[in-house]
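A look at the structure
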Amino acid sequence: MKKEMKPVHGVWASRWVFILAATGSAVGLGNIWKFPYITGDYGGGAFVLVYLACILIIGIPVMTAEIMLGRRGGMSPIHSMQALAKQAEAKKSWSLIGYMGALAGFFILSFYSVVAGWALYYVFKMPTAFAGATAESVGATFDGLLAAPYTLTAMHFVFMVMTMGVVAFGVNKGLERMVRIVMPLLFLLLAILLGYAATTGHFSDGLAFLFTFDFSKLTSEAVIVAMGHSFFTLSLGLGAIMAYGAYMPREMIVGGVKKPVSIGSTVLIIALLDTLVALVAGMAIFPIVFANGLEPSAGPGLMFVTLPLAFSAMPMGVLFGTLFFVLVVCAAWSSSISLGEPLVAWLVERSWNRVKASVLIGVLAFVLGMGSVWSFNIFAGAEYKLFDRTFFDLLEYLTTNIMLPLGGLLIAIYAGWVMKETHVRKELGMKNFKLYMVWRAVVRIFAPLAIAVVFLNALGVI
Ligand code: PFF
């Protein structure tokens, strides 16, 4: 692989665009919808602490490694890993990282689109349905949605078309422009919602729930979910960030001078923004939960029952509520694009037309997503469950808690042990040697060990 090779898919216009796109990928349903509800399910503070620790000591180093591999490879994750393995004179089977990631991304895309479809439905529902809402009535609206396969299918379809539509036209043009507007707006609206939550009188209950560490509630299941979520929320372990890294320039002209684009500081910004959005979403949602006598462990419906309640009680709530769900959809959109991109980029490199490749992946993911649509209605019964989980639950568990951490484990091992150190150092360009050594120790030893321990613990081996 020649160094001067330009990715066939284009290059980000600047380091900031890369940060916005990667933050767009990271910030999504995982932060606003999933983080609050799994925190509720697993008992609050101690879970949050484990999640934060995973972000800091596994997520950030693995993200650095993943972007580094992508930038060095310069292609879709599958081809990048093949080329990198060749370059390092390592076994071809390392391209498994690319294949497994592509499969995980495809699985996630299928159910992610279904949940994003719920938010899409609320965009239409918000203006009319929640005047004078009560906890019971919003709960009934959500249950009604889940019981309606046709509505769910229509929303899932629209969202999938939106996603693959952008991928089809190339990430540069559509995505770059979109994230510049949407991300700042999302931050603004979260701040407004947080301001409202702070006035409910139950704000401190919400904070206590999130930040009081009761370790007696921490099970090995909670630890594996916290670790899985740290991968999911940072879009790690499946090649999405690797694909984005491939479009990241090595040098940028800043004020007329060529400067190297550092990976390390970029990763810190992305992780910080991502964590901030999750915590703010939690701080906004839990006070509303307690103020209305709802259960924190309400499951996947948590966001969909608390937020309409909050908005219906707020001045200009219809406007803010509608806008909020528009932004949730946009946040999900800028994430789902990064799920579709690695597979489409791979097909394009195999001489496929980008539009055709996007249609194919979109159709396949839509079809698989129907399993998730039916998990909430037709196939919700116990007779359709495996290990007491629906198809949706199983797919979510398999990808988030197994495939992503496994992908992260392999990426860390590859970056730490297989890739030539001269290449690693050159690609990372870290000036601070001590910091580099810390990163290296983490990807070589600490991160793989930590992931392995959590796995073995969850399997009951240790
Ligand atoms: N990080 C996204 C979220 O938190 O919603 C989900 C996601 C996107 C996971 C892209 C994985 C990925 F590759």
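Residues numbered from 1 in each chain as written. Predicted model: local features only at pLDDT ≥ 70, side-chain atom pairs only at ≥ 80, totals over all residues. Heavy atoms only, no water.

Considering the pairing of strand 1 (residues 251-254)
In the sheet, strand 1 pairs with strand 2 (residues 257-260) via four bridges, with the strands oriented antiparallel. Considered in strand 2, the bridge of Met252 is made with Lys259. Counting the residues that bridge the hairpin from strand 1 to strand 2 gives two residues, and of these Gly255 lies at a positive phi of roughly 55 degrees. (Pairing = 2+ DSSP bridges. Helix = DSSP H or I, 4+ residues; strand = E, 2+ residues; numbered from the N terminus.)

Re the side chain of Ser372
Position of Ser372 among the secondary structure elements: in helix 15 (residues 354-375). Excluding residues that lie within four positions of it along the chain, Ser372 makes contacts with Phe111, Val114, Phe391 and Phe392. (Contact = heavy atoms within 4.5 Å.)

Topic: the pattern of salt bridges
Applying the stated criterion to the full structure yields nine salt bridges. Residues Glu341 and Arg354 are paired through a salt bridge, measuring 3.0 Å at the closest nitrogen-oxygen approach. Taken together, the positions of Glu341 in helix 14 (residues 317-349) and Arg354 in helix 15 put the pair 13 residues apart, joining distant regions of the chain. Exposure remark for Glu341: the relative accessible area of 0% places this residue in the buried category. Note on Arg354: relative accessible area 16%, which makes it buried. Through salt bridges with shared partners, one network takes in Arg71, Arg72, Arg250 and Glu427. (Salt bridge = Lys/Arg side-chain N within 4 Å of Asp/Glu carboxyl O. Buried < 20%, exposed > 50% of the residue type's maximum accessible area, 1.4 Å probe, protein only.)

Remarks on the nonpolar core
Ranked by size, the top nonpolar core spans 172 residues in total, and within it Trp118, Tyr414 and Trp439 carry the most contacts. When residues of this core are assigned to their parent elements, the largest contribution, 20 residues, is made by helix 5 (residues 96-129). (Core = buried A, V, L, I, M, F, W, Y, C linked by side-chain atoms within 4.5 Å.)

Digging into the confidence of the model for the protein
Regions with low pLDDT carry predicted coordinates that are not meant to be interpreted in detail. A residue-level look at the protein finds 98% of positions with pLDDT of 70 or above and a mean pLDDT of 90. Across the protein, helix 15 holds the top mean pLDDT of 97, while strand 1 sits lowest at 74. Confidence drops under a pLDDT of 50 for residues 1-5, and excluding neighbours within four residues, the segment shows 10 contacts in the predicted structure. (pLDDT = per-residue confidence, 0-100.)

Description of the side chain of His9
Mapped onto the fold, His9 is located in the segment before helix 1 (15-26). Classification of His9 by relative accessible area gives buried; the value is 12%. Here Glu349 takes part through its side chain, which lies 2.8 Å from a polar atom of the side chain of His9. In terms of polar contacts, His9 uses its side chain to reach the side chain of Arg354, at 3.3 Å. Once residues lying within four places of it in the same chain are set aside, the contact partners of His9 are Asn172, Tyr247, Ala345, Val348, Glu349 and Arg354. (Polar contact = N/O pair within 3.5 Å; in protein donor to acceptor, adjacent residues only side chain to side chain.)

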